[in-house]
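# Per-entry structural report
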Protein chains: 2
Amino acid sequence: MACSHFLRTLPRTRLQSAKPVFSNPARTFSSSRIQAMLTTELSETEVSALRTNKERLASDLHHSCQWGSGIRWGNGPTDTGMQRLALSQDDKSVRDWFIQTMKALKCNVTVDEMGNIFAVRPGRRANVPATFIGSHLDTQPTGGRYDGILGVLAGIEVIKTMNDMGLETEGGVGVVDWTNEEGARFPISMVSSGVWAECIPLAHAHNLKEVPTVASLPTAASAPETMKSALQKIGYLGDVPCSYKSTPMAAHFEVHIEQGPYLVSANQRVGVVTAVQAYRWFRLNVIGRDTHTGTTAFEHRADALYAFAQMMVRAREVAASKGCLASVGIVEAKPGSVNTVPGQVSFSLDIRGPETEQVAEVEKELRTDFDAIAAAEGAGIGKPCRVEWTLDFDSPAVKFHEDCIDCVQQSAQAVVADASVADTKSLVRTIMSGAGHDSVFTSKRVPTSMIFIPCKDGLSHHPEEFSTADDCATGASVILQAVVRYDRKRFL
Amino acid sequence: MACSHFLRTLPRTRLQSAKPVFSNPARTFSSSRIQAMLTTELSETEVSALRTNKERLASDLHHSCQWGSGIRWGNGPTDTGMQRLALSQDDKSVRDWFIQTMKALKCNVTVDEMGNIFAVRPGRRANVPATFIGSHLDTQPTGGRYDGILGVLAGIEVIKTMNDMGLETEGGVGVVDWTNEEGARFPISMVSSGVWAECIPLAHAHNLKEVPTVASLPTAASAPETMKSALQKIGYLGDVPCSYKSTPMAAHFEVHIEQGPYLVSANQRVGVVTAVQAYRWFRLNVIGRDTHTGTTAFEHRADALYAFAQMMVRAREVAASKGCLASVGIVEAKPGSVNTVPGQVSFSLDIRGPETEQVAEVEKELRTDFDAIAAAEGAGIGKPCRVEWTLDFDSPAVKFHEDCIDCVQQSAQAVVADASVADTKSLVRTIMSGAGHDSVFTSKRVPTSMIFIPCKDGLSHHPEEFSTADDCATGASVILQAVVRYDRKRFL
C-alpha cells in the first residue's frame, strides 16, 4: 500500500505550509504558472493526493454565516444556529457574497428564473457541460451552519484549491446554489432543482406562497408573498430559463452532513450515498365543529384537534410497523381560542421509507385509519369530523449513478487513507439518504451522487447542528477528487 | 290558576298591539303619562304580566350585528356568524351605538378604565345603587349572534319597555357591557368584570397582550397589542376607576344562551342558573428537540408535538373518568416546518368540572401523566421532552345568590305561563352553567344570578349559534320581571 503510506505523510506537510497541497514533488505549485496542469495528465496517485484547505474552508463557511445567524447555543463566536429563509434579505446578502466570490475566482456566473446561481470555472474544452458541485444556502427557521451551506462552501473551496494549484480541467467545474431547497419558506423542498429538472412546472413554483407559520420571522411580510415576488424583491429573478436544457450539467456532486447518527455512532468518516429514501408530503385538513369548551360534553363534540391528536399517535404506530417514518411538522388549529373547541385543523404529514412502495402502504393504511378516527369524533351528534388529504410532494426512492458513486468511493478511500487507523477502508461506508436533496432532482437528468460526513449526535435542522472542521475538509477533499475523477472518466 | 289563565291570553294582545304589554287593564299605557307607575306599587299579578317586545328585541339585536358580522352559513340576511373581537374597530362601532342608544333612552353613561360601559336609568331614589343587567358585546373569532350580545340587548329592551310604560323603579336600572368577556383576543376571559370585582389587578389586565393566533384577523396589528393600548386606540380607556366601589351595583342579572343541549333536548324554555362549574385555564409548554424528519429515527426523537398529541388524548380520558371536561383550544408548534420535528409546542388546557375539587383532581392526575409522557419521548437519546405548566386563570365553582335565584325562578314561571302546554312549570328547570360569565365575578361582590334560554343543538362559539326570537324574548321578559321583583324585594 505505497499509496496509503505516501498519503499518510501528507498532513504534516499541509500543516507546515497551511496551503493547498499537491503531493507530487515533481509538480510544485506556483500561482504565477502559465502552463496549467491538466486533470487528464495526472497519475492516479496524484489524484489521490489532492486535498482542500481545512482552515480556509472553515473560515469561509463561518464568514458566510454572518448573514442570517440565528439562535445562540454556546459562548463561542460561531456558536449560533442559522435562520436564513430562502429569498430573505439575509439570503440576498449571502447570494451577493457568493457571486462576488466566484467572480473573483474567475468564474462565469448566471442566474436563472428560479434564482438558482451557477458559477462555472471554464475547462479546457469549450462547448461541453461542466461538472457541478451544488447544494443550497437557505436554512430552516431554526437551522444550523452546515446543512446545505457546507455543500456550497465545499464547492467554493474546490475552485479555490484548483485555482491555487493551477489545475485545469477538461470540462468546466461549476458550483450551484439551489434556491429554497429546505421548503421551509415556500412549501416545496428542492423546488428549484425540481424546476431545473423539468419535474415541477415553473409557474407552479413561482406561485408558491410562503408558509404562514413563519410569518413571525423577519423575512415575512404581513401578507404571504409568492416565490416570484420574493425573487423580484431581492433582485434574483434571473432571465436564464430554469431548465437542464439551458444550463446543462455533465454531472452533479453534493457533499452534505449526514443528518443522522449512523456515521458518528460507528466512528466512520465518509458515507458514499447510493440512494435516497422515498417520501411523500401531505397537507391534511380535519373539519369538525367549533363549540364551547365549557358547555359541550365530549359526546357532543366534533373536536378537530382531538381527532388530529389521535391521528398523529396512530401515524407513528403504522409507520414504525412498516420500517418507515411519519412526522408532523406544522399544525394549525382554528379558531384558536382557549374556550372554543377547534372546528378546523390543518397539518403537514411527511411519510418516508426506503422504498416507494412502503411509503404508499403507510399512506394507504393511514387513509383508512384517519377516516375511522374522524368518523368517530362527532358521531354522537350525527356530525362527525371528516379529513381531507392533499398531496403536496411525491419523491420516489432514488438510486444514484454508478459512475458517480464509483468516483466518490475511490475518492473517499483515498482521502481517509490519511487517518491513523489500521483499516482505513472501514472508515467509509455506503449509505442511503433519509432526507431529500437537490441531488434527487439532478439525478433525474444527469449522473449524480452524494457524499455524507458525520455530524454531532446526528442532529440537524437545529441550531446546534455541528460538524468538525476536519470532517468538513474531508468532505471537500472527497468532492474535489470526485470531480477530478469524473473529468478524467469523461475525457481520458 | 286565574293568574296563569289570565297570562295565557296575553300573546294575542301583544300581537295585536305589537307594543310592550302591561296586562292590568286598569293601568293603560300612554307615552305622554307624566305620573309614572312605580314598581313597589304593582301587584304580583301585574309584575307577572310584564313582557318585552319580541320584534323590537330581534330587530335591535340583528341591527347591532352589522358591526363585525362574520362567516355566512345561510342565505338569510342574518345568517352570518360574528367576529367582533374585543376592542376591535367593530367593537368600537357597536359600543358607540350602545352609548348613543342608551343616552337616547335617558340613561346616564359612564366608561371605566377597562372600557366597561355602564348605562343607568335613574330610579326614584337617589344615592342607592342600581340593579344591573349585563353581559358583553365582544365575540369569539368565529362566534355567533347570541352569546353575550343577547344579554346586553335584553338589557336595552328592558329599558325601552320600562320607558314606554313609564314604569318607575325605586333604585335605578343599569345595563352594562363588560369588555373582553370572551378572552379570545386578550387571554383572560371575564377580565374586566374581574377587575371590577377587584379579583384581577388593573395593571395585569392592562398589560395583557393579544393572542398571536388571532393575528390574521382584521383586528390585530402586526405586533401584539396590549389591552391598555387597544383601549386607548378606540377611545374607550375611561377615567372612572374600574371597581365595584366606584360603580356599585345592587345586584347583577344576566340572560344568556345555554350553550349546551340540556334545555333544547328537553323542550324546556328557561334555565334558572343556580351555579357555575369550576374551571382552570393553563398554558403548557412542551420542550423537545428540533430534528430532521427524514433522518431521525423515532427512538432518536424528542418530538414535542408527538408528546402533545399523547397528552391531549390522555386529557380527555382522565377528565371523562372524573365527570369533568378537558379541552385544548390553542396549539402552536415551532419551528413550523414540514420536514423539521417540532422542538417546542405551546398549548392551552381548559379543565372544568361541577366542583372545584374535581378540577383539582384532574389537574393533579394530568401533571403526573404529562410528565411521564414527556419523559418517554426522547428517553432513547437521554434528552427527554419536558413539560411546563402555567396557571392563567382559576375560577372556583360559584353558587349564585338565593334572592336573585328566587326572583328569576318566579319570573320564569310567570313568563312561561304563556305557553300552551298543560304543565308550564316543567318548562323551567334549575341548571348549572358550564361556561364562565361576567356574573361569576359580579357574584363575588353583589347578589347575582342568571337566566338561560335554549339555543339550537346547544351550539355556541360557532357562526351557526342560534336562538329563536321567541326564546330571546322569553329571556328578556324574565330578566325584566326579575329586575322589577328585585327592586320590590329591596324597597317594599
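About the cut-offs
- Residues numbered from 1 in each chain as written.
- Chains lettered and ligands numbered in written order.
- Predicted model: local features only at pLDDT ≥ 70, side-chain atom pairs only at ≥ 80, totals over all residues.
- Heavy atoms only, no water.
- Helix = DSSP H or I, 4+ residues; strand = E, 2+ residues; numbered from the N terminus.
- Rg over C-alpha atoms; globule rule 2.2 N^0.38 Å.
- Buried < 20%, exposed > 50% of the residue type's maximum accessible area, 1.4 Å probe, protein only.
- Arc of directions from axis to C-beta.
- Contact = heavy atoms within 4.5 Å.
- Polar contact = N/O pair within 3.5 Å; in protein donor to acceptor, adjacent residues only side chain to side chain.
- Least-squares fit on C-alpha atoms with pLDDT ≥ 70 in both.
- UniProt positions renumbered as here; feature names shortened; annotations may be inferred.
- Domains from an automatic or database assignment.
- Buried area = accessible area lost by both parts, 1.4 Å probe.
- Salt bridge = Lys/Arg side-chain N within 4 Å of Asp/Glu carboxyl O.
- Phe/Tyr/Trp six-rings, centres within 6.5 Å; stacked < 30°, edge-to-face > 60°.
- Lys NZ or Arg CZ within 6 Å of the ring centre and 35° of its normal.
- 1 Å grid on protein atoms, 1.4 Å probe; cavity = no way out; pocket = protein on both sides within 12 Å on 5 of 7 lines; lining within 4 Å.
- Points joined across faces, edges and corners; volume = space filled by probe spheres on them.
- Nonpolar A, V, L, I, M, F, W, Y, C, P; charged D, E, K, R; others polar.
- Expected span 1.5 Å × (residues − 1).
- Pairing = 2+ DSSP bridges.

- An unreviewed UniProt entry annotates chain A as Pc22g02460 protein originating from Penicillium rubens.

### Considerations on the overall build of chain A
- In terms of helices and strands, chain A carries 15 helices and 20 strands.
- Scaling as 2.2 N^0.38, a compact globule of 492 residues should have a C-alpha radius of gyration of about 23 Å, and chain A matches this with 24 Å.
- Dimensions of chain A, computed from the C-alpha atoms along their principal axes, are close to 85 × 50 × 45 Å.
- Looking at chain A as a whole, 63% of its 492 residues qualify as buried.

### Quick word on helix H4 (residues 54-64) of chain A
Residue and element names in this part refer to chain A.
- Among the residues of H4, Arg 56, Leu 57, Asp 60, Leu 61 and Ser 64 are the ones counted as buried. Taken down its axis, H4 places every buried residue within 130° of arc, on the same side.
- Looking at the buried side of H4, the elements it contacts are helix H5 (89-104), helix H6 (149-165) and helix H15 (469-491).
- If you check the start of H4, you find a side-chain oxygen 3.0 Å away from the backbone N of Glu 55, and it comes from Asn 53.

### Looking at the relation of the copies chain A and chain B
- When chain A is fitted onto chain B, the two copies agree to an RMSD of 0.1 Å after a turn of 180° and an axial shift of 0.0 Å. Such a combination of turn and shift is consistent with a two-fold rotation axis. Relative to the rotation axis, the C-alpha of Ala 309 of chain A is the closest in chain A, positioned 2.1 Å from it.
- Taken as a fraction of all interface residues of chain A, those also at the interface in chain B reach 100%, which identifies the copy contact as same-surface.

### Points about the UniProt feature "domain: Peptidase M20 dimerisation" (unreviewed entry) in chain A
- The UniProt entry lists residues 279-374 of chain A under the feature "domain: Peptidase M20 dimerisation" (unreviewed entry), expressed in the numbering used here.
- Secondary structure content for residues 279-374 of chain A is 39% helix and 31% strand, while the C-alpha to C-alpha distance between its ends is 24 Å.

### With respect to the domain arrangement of chain A
All names here are of chain A.
- According to the domain assignment, chain A contains domain 1 (2-277 + 398-491) and domain 2 (279-395).
- Contacts between the two partners involve 16 residues from domain 1, matched on the other side by eleven residues from domain 2.
- Both sides together, the interface formed by domain 1 and domain 2 hides about 1000 Å², and carbon and sulfur atoms give 57% of it.
- Across the domain 1-domain 2 interface, the total number found is one salt bridge.
- Among the salt bridges present, the one from Lys 399 reaches Glu 355, with a minimum N-O distance of 3.7 Å.

### A few points about the packing of aromatic side chains
- Applying the stated criterion across every chain, the model contains 30 aromatic pairs over all chains.
- For the pair Tyr 279 of chain B and Trp 281 of chain B, a centre-to-centre distance of 5.8 Å together with 45° between the ring planes defines the contact as tilted. Both residues of the pair, Tyr 279 of chain B and Trp 281 of chain B, count as buried.
- Within the aromatic cluster, the residues linked to one another by ring pairs are Phe 118, Phe 132, Trp 178, Trp 196 and Tyr 244 of chain A.
- Taking NZ or CZ as reference, Arg 95 of chain A lies 4.9 Å from the ring centre of Tyr 236 of chain A, over its face.

### Regarding the pattern of salt bridges
All names here are of chain B.
- Applying the stated criterion across every chain yields a total of 58 salt bridges over all chains.
- We note a salt bridge from Arg 95 to Asp 91, for which the minimum N-O separation is 3.1 Å. Taken together, the residues span about one helical turn, with Arg 95 and Asp 91 both in helix H5 (residues 89-104) at a distance of four residues.
- Arg 95 sits in the buried class, given a relative accessible area of 1%.

### Re the side chain of Glu 170 of chain A
- Within the element layout of this structure, Glu 170 of chain A appears in the loop between strand E7 (167-168) and strand E8 (173-177).
- For Glu 170 of chain A, the contacting residues outside a window of four places in its chain are Leu 38, Thr 39, Thr 40, Gly 123, Arg 124, Arg 125, Asp 487 and Phe 491 of chain A.

### Structural notes on unusual backbone geometry
Residue and element names in this part refer to chain A.
- For the bond from Lys 334 to Pro 335, the omega torsion is 5°, close enough to zero to count as cis.
- Tracing the chain through its elements places Pro 335 in the loop between strand E14 (331-334) and strand E15 (340-341).
- Non-glycine residue Asn 127 carries a positive phi angle of around 65°.
- By the secondary structure assignment, Asn 127 is in the loop between strand E5 (117-121) and strand E6 (130-135).
- Asn 127 gets classed as exposed once you look at its relative accessible area, which sits at 81%.
- At Asn 267, a position not held by glycine, the phi torsion is positive, near 55°.
- The topology assignment puts Asn 267 in the loop between helix H10 (262-265) and strand E10 (270-276).
- Judged by relative accessible area, Asn 267 falls into the exposed class, the value being 66%.

### A look at empty space enclosed by the protein
- Inspection of the entire model under this criterion finds eight cavities of 30 Å³ or more.
- Counted as a void, the largest cavity has a volume near 80 Å³.
- Lining of the largest cavity is provided by 17 residues; of these, Glu 181, Ala 435 and Gly 436 of chain A together with His 292 and Asn 339 of chain B occupy positions nearest its centre.
- Looking at the lining of the largest cavity, its residues break down into four nonpolar, nine polar and four charged.
- Structurally, the lining of the largest cavity is a two-domain feature, drawing no fewer than three residues from each of domain 1 (2-277 + 398-491) and domain 2 (279-395) of chain A.

### Here's the deal with the interface of chain A and chain B
- Listed as interface residues are 64 residues of chain A and, on the opposing side, 65 residues of chain B.
- The contact between chain A and chain B buries some 5600 Å² in all, and 60% of this surface belongs to carbon and sulfur atoms.
- By the criterion of area lost to chain B, the three top residues of chain A are Phe 298, Arg 316 and Val 338 of chain A, representing 15% of everything that side buries.
- Counting the contacts that link chain A with chain B gives four salt bridges.
- Of the charged contacts, one joins Asp 457 of chain B and Lys 383 of chain A as a salt bridge, the two residues approaching to 3.3 Å between their closest N and O atoms.
- Across the chain A-chain B interface, the total number found is 27 residue pairs in polar contact (both at pLDDT 80 or more).
- Secondary structure elements with two or more residues in the side of chain A that touches chain B: strand E12 (291-292), helix H11 (304-321), strand E13 (325-327), E14 and strand E16 (344-353) of chain A.
- Here the element with the most residues in the side of chain A that touches chain B is H11 of chain A; it accounts for ten residues.

### Comments concerning the layout of surface pockets
- Space inside the second largest pocket adds up to approximately 430 Å³.
- What lines the second largest pocket is a set of 26 residues, among which Gly 294 of chain A together with Tyr 262, Gln 277, Leu 325 and Gly 434 of chain B lie closest to the centre.
- Put simply, the parts of the chain that give the lining of the second largest pocket at least two residues each are helix H11 (304-321), strand E16 (344-353) and strand E19 (428-433) of chain B.
- Here the lining of the second largest pocket is composed, by residue class, of twelve nonpolar, ten polar and four charged.

### Re helix H13 (residues 402-416) of chain A
- Helix length check: H13 of chain A (15 residues) gives 21 Å between terminal C-alpha atoms against 21 Å at 1.5 Å per residue, within 8%.
- Those residues of H13 of chain A lying buried are Cys 404, Ile 405, Cys 407, Val 408, Ser 411, Ala 412, Gln 413, Ala 414, Val 415 and Val 416 of chain A.

### A few points about the pairing of strand E11 (residues 278-287) of chain B
All names here are of chain B.
- Burial runs high along E11: nine of the ten residues are buried.
- Of the pairings in the sheet, the one linking E11 to E16 comprises ten bridges and is antiparallel in character. For Phe 282, the partnering residue across the bridge sits in E16 and is Leu 349.
- Here nine bridges tie E11 to strand E17 (residues 386-395), and the two strands are oriented antiparallel to one another. The partner of Tyr 279 across the bridge, within E17, is Ser 395.

### Here's the deal with the environment of Thr 448 of chain A
Residue and element names in this part refer to chain A.
- As for its placement among the helices and strands, Thr 448 is situated in strand E20 (residues 448-453).
- When sequence neighbours within four positions are dropped, the list of residues in contact with Thr 448 reads His 252, Phe 400, His 401, Cys 404, Ser 439, Thr 442 and Ser 443.
- Engagement of the side chain of Thr 448 in a polar contact is seen with the backbone nitrogen of Ser 443, the distance being 3.3 Å.

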